[in-house]
Amino acid sequence: MTDPDPALLAEVANLPDGLTLQNAITIYAANCVACHGADGLGTGIAPALNDPLVREKTTDELTRTVTFGSAGTLMAGWSNALTTQEIASMISLVQRWDEVPAEILPAPNVPIPTTEESIALGGDLFAANCSRCHGPEGQGTPRAPALNVKLFLTDTSDLAIQQIVTNGVPGTAMPVWGDRMTESEIQAIVGFIRQWEATAPEVAVPAKGGGGGPPWMRNNIQTTTTPSGGQGTVQGQGQGQGQAQSQQTAWWQAIDWRILLLLTGGLSIAFTLIFLGFESLHRRPRKRE
């Protein structure tokens, strides 16, 4: 979070419906500046809101985006965090940003404080909940992008990473973690990710495999770190079945489907050749004695 310039914020009160704009600027400072940047001018991870093209959008369009988010982007829906009135005030800010004094909202640049203990906790939480999709070293997988890469870490502030983890990314496999972890646990993960920056590669090499989603999306029971820091179990579609039963009934999953296909095809060809051979012998005329 960053604080609006007090003197410039006071000037906003003199504008028509200035109290609504003041409220919206405060909300923006608390929730939006990390991604959309100082004065709403955008960053490397989110577009500008203080833009004539955005102001051309209808109130309904802007309201839908703020309320429900934008699928496939980092823009989450804010209906669970903001009231209808607060969302309406944000729309007023976007539509009237050209009236707001410049430099009223600086970009946040205060890193999340870390200790050896918090980084260790973040590493444990990342391994238990994030590594399956983002890779054990944050190098990414076919399912989720790299976090341990120079461009992401230099363009994305700690606060922005915290908000992405907290709110998730709509339309992707990145879920909302704010209802599964405490704020301090999410900050520990952010601190763990940030310590990669000094040695982050320019180009990430994604880990092979990966995917499959976070633990709660898998059929068998998996142990995962709970928000309280303890161990718990999460069940997916196989809810109600024990782990031992899942292991007994899922032996066939270890067989590669390509091997089964080759075996089936080979057997089909073999039986076809045998059948044709018998047919050929049956049709061959017998010699008269």
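For the structure itself, look to the data block above.
Residues numbered from 1 in each chain as written. Predicted model: local features only at pLDDT ≥ 70, side-chain atom pairs only at ≥ 80, totals over all residues. Heavy atoms only, no water.

## Digging into helix α11 (residues 183–194)
Item 1. An ideal rise of 1.5 Å per residue puts 16 Å on 12 residues; α11 measures up with 16 Å between its terminal C-alpha atoms.
Item 2. Here α11 lies mainly inside the structure; nine of its 12 residues are buried.
Item 3. For α11, the full list of buried residues reads Glu-185, Ile-186, Ala-188, Ile-189, Val-190, Gly-191, Phe-192, Ile-193 and Arg-194.
Item 4. Contacts made by the buried residues of α11 are with α7 (116–129), α9 (150–155) and α10 (158–167). (Helix = DSSP H or I, 4+ residues; strand = E, 2+ residues; numbered from the N terminus. Expected span 1.5 Å × (residues − 1). Buried < 20%, exposed > 50% of the residue type's maximum accessible area, 1.4 Å probe, protein only. Contact = heavy atoms within 4.5 Å.)

## Brief notes about the pattern of salt bridges
Item 1. The tally for this structure, following the rule as stated, stands at four salt bridges.
Item 2. Across the pair Arg-194 and Asp-158 runs a salt bridge whose closest N-O atoms are separated by 2.6 Å. Here the residue Arg-194 occupies a position in helix α11, and Asp-158 occupies one in helix α10, the gap between them amounting to 36 residues.
Item 3. Between Glu-197 and Arg-194 there is a salt bridge whose closest N-O contact spans 2.9 Å. (Salt bridge = Lys/Arg side-chain N within 4 Å of Asp/Glu carboxyl O.)

## Examining the packing of helix α2 (residues 18–31) against helix α6 (residues 84–95)
The geometry of a pair of packed helices is captured by two quantities: the angle between their axes and the separation between those axes.
Item 1. α6 packs onto α2 with a crossing angle of 100 degrees between their chain directions and a minimal axis gap of 8 Å. The pairing of α2 with α6 is recorded here as roughly perpendicular in orientation. Taking contact as the criterion, the partners of Thr-20, Leu-21, Asn-23, Ala-24, Ile-25, Ile-27 and Tyr-28 in α2 are, on α6, Glu-86, Ser-89, Met-90, Ser-92 and Leu-93.
Item 2. For the contact of α2 with α6, the per-class residue count stands at seven nonpolar, four polar and one charged. (Axes fitted to C-alpha atoms, helices over the stretch in contact; angles between N-to-C directions. Parallel < 35°, antiparallel > 145°, perpendicular 65-115°, else oblique. Nonpolar A, V, L, I, M, F, W, Y, C, P; charged D, E, K, R; others polar.)

## What to know about α10
Item 1. Within α10, eight of the 10 residues are buried, which leaves the element mostly enclosed by the surrounding structure.
Item 2. Taken together, the buried positions of α10 are occupied by Asp-158, Leu-159, Ala-160, Ile-161, Gln-162, Gln-163, Ile-164 and Val-165.
Item 3. On its buried side, α10 packs onto α2, α3 (33–36), α9 and α11.
Item 4. Once α10 finishes, Gly-168 follows within two positions and takes phi at roughly 75 degrees, a positive value.

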